[in-house]
Amino acid sequence: MADERRENLRSFIQNLEGTELVGAGAASTPAPDPSPVSRPMPVPPINPQMIPQTKANIEVISRDLNGVLSWLEKEMSSISKKTLDFVDAHADAVDNVCDSSDELIKATYSLMSKAGVLQKDLVKIEMMSSHLKSIKKYLERLDNALLKPPNK
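Every value quoted in this text rests on a predicted model; they were computed, and no experiment measured them.

Participant: What is the right way to look at a nonpolar patch on the surface in this model?
Facilitator: A cluster of nonpolar residues, L65, V68, L69, W71, L72, M76 and I79, forms a patch on the protein surface that exposes about 690 Å² of accessible area. If you trace the backbone, W71 turns up in helix α2 (residues 51-147). Looking at W71, the relative accessible area reads 52%, which means it is exposed.

Spelled out as C-alpha cells, the structure:
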C-alpha cells in the first residue's frame with residue numbers, strides 16, 4: 001500500500017513537472033540541481049477521503065468570509081454616511097459662525113457711529129452748559145445789583 005502511494009505521488013509530480021523525479025531510478029538519476037529554488041518541495045500524498053471534508057470546510061469558510069465582507073461593507077457605508085453627516089454639520093456650524101460674526105461686525109460699526117454722534121452732541125451740551133453757567137453768573141450779578149441799595 002505504501003509503495004502504491006509512493007508510485008502515485010511520483011506519477012503526480014512527474015505530470016506536474018514533466019521530468020523524472022530524483023530517486024525514481026538509480027540508472028537515470030540526474031545530478032542534483034545546485035539551486036534549491038528551481039526544485040519544488042515534494043507534495044505529500046493526498047488522502048481521497050479528506051477531500052469532501054476539506055471541500056465542506058472551504059465552503060463554510062467561504063460563507064463566513066462572505067458574511068464578514070458583507071458586514072464590513074455595511075459598516076463602512078454607515079461610517080461614510082456618519083462622516084458625511086458630521087462634515088455637513090460642521091459646514092453648517094461654520095456658516096452660522098460666519099453669519100453671526102458678520103452681524104456682530106455690522107452692529108459694532110453701527111454702535112461706533114452712534115457713539116460718534118453722541119460724542120458730538122455731548123460737546124454741544126457741554127458748550128450749552130458753560131453758556132448757561134455764564135448766564136447764571138450774569139443773572140446773579142444783575143439780581144445782586146438790583147437788590148442792593150445804591151451807594152451814596
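Picking up where we left off.
Participant: What should I look at first to understand a negative patch on the surface in this one?
Facilitator: A cluster of like negative charges, contributed by D88, D92, D95, D99, D102 and E103, occupies part of the molecular surface. On the accessibility criterion, D88 (40% relative accessible area) is partly exposed.

Participant: Explain the pattern of salt bridges here, please?
Facilitator: Any two side chains of opposite charge can pair, on the condition that their charged atoms come close. For the structure shown, the criterion picks out 1 salt bridge. Of the charged contacts in the structure, one is a salt bridge between K81 and D85, with a shortest N-O distance of 3.3 Å. One end of the pair is K81 and the other is D85, both in helix α2 and 4 residues apart, which spans about a single turn. K81 sits in the exposed class, given a relative accessible area of 53%. D85 sits in the partly exposed class, given a relative accessible area of 38%.

Calculation criteria
Residues numbered from 1 in each chain as written. Predicted model: local features only at pLDDT ≥ 70, side-chain atom pairs only at ≥ 80, totals over all residues. Heavy atoms only, no water. Patch = residues over 30% accessible without salt bridge, like charges linked within 9 Å, V, L, I, M, F, W, Y side chains within 5 Å. Areas by Shrake-Rupley, 256 points an atom, 1.4 Å probe, with all protein chains shown as cover. Salt bridge = Lys/Arg side-chain N within 4 Å of Asp/Glu carboxyl O. Helix = DSSP H or I, 4+ residues; strand = E, 2+ residues; numbered from the N terminus. Buried < 20%, exposed > 50% of the residue type's maximum accessible area, 1.4 Å probe, protein only. Lys, Arg positive; Asp, Glu negative; His and termini not counted. Charge placed at Lys NZ, Arg CZ, Asp CG, Glu CD.

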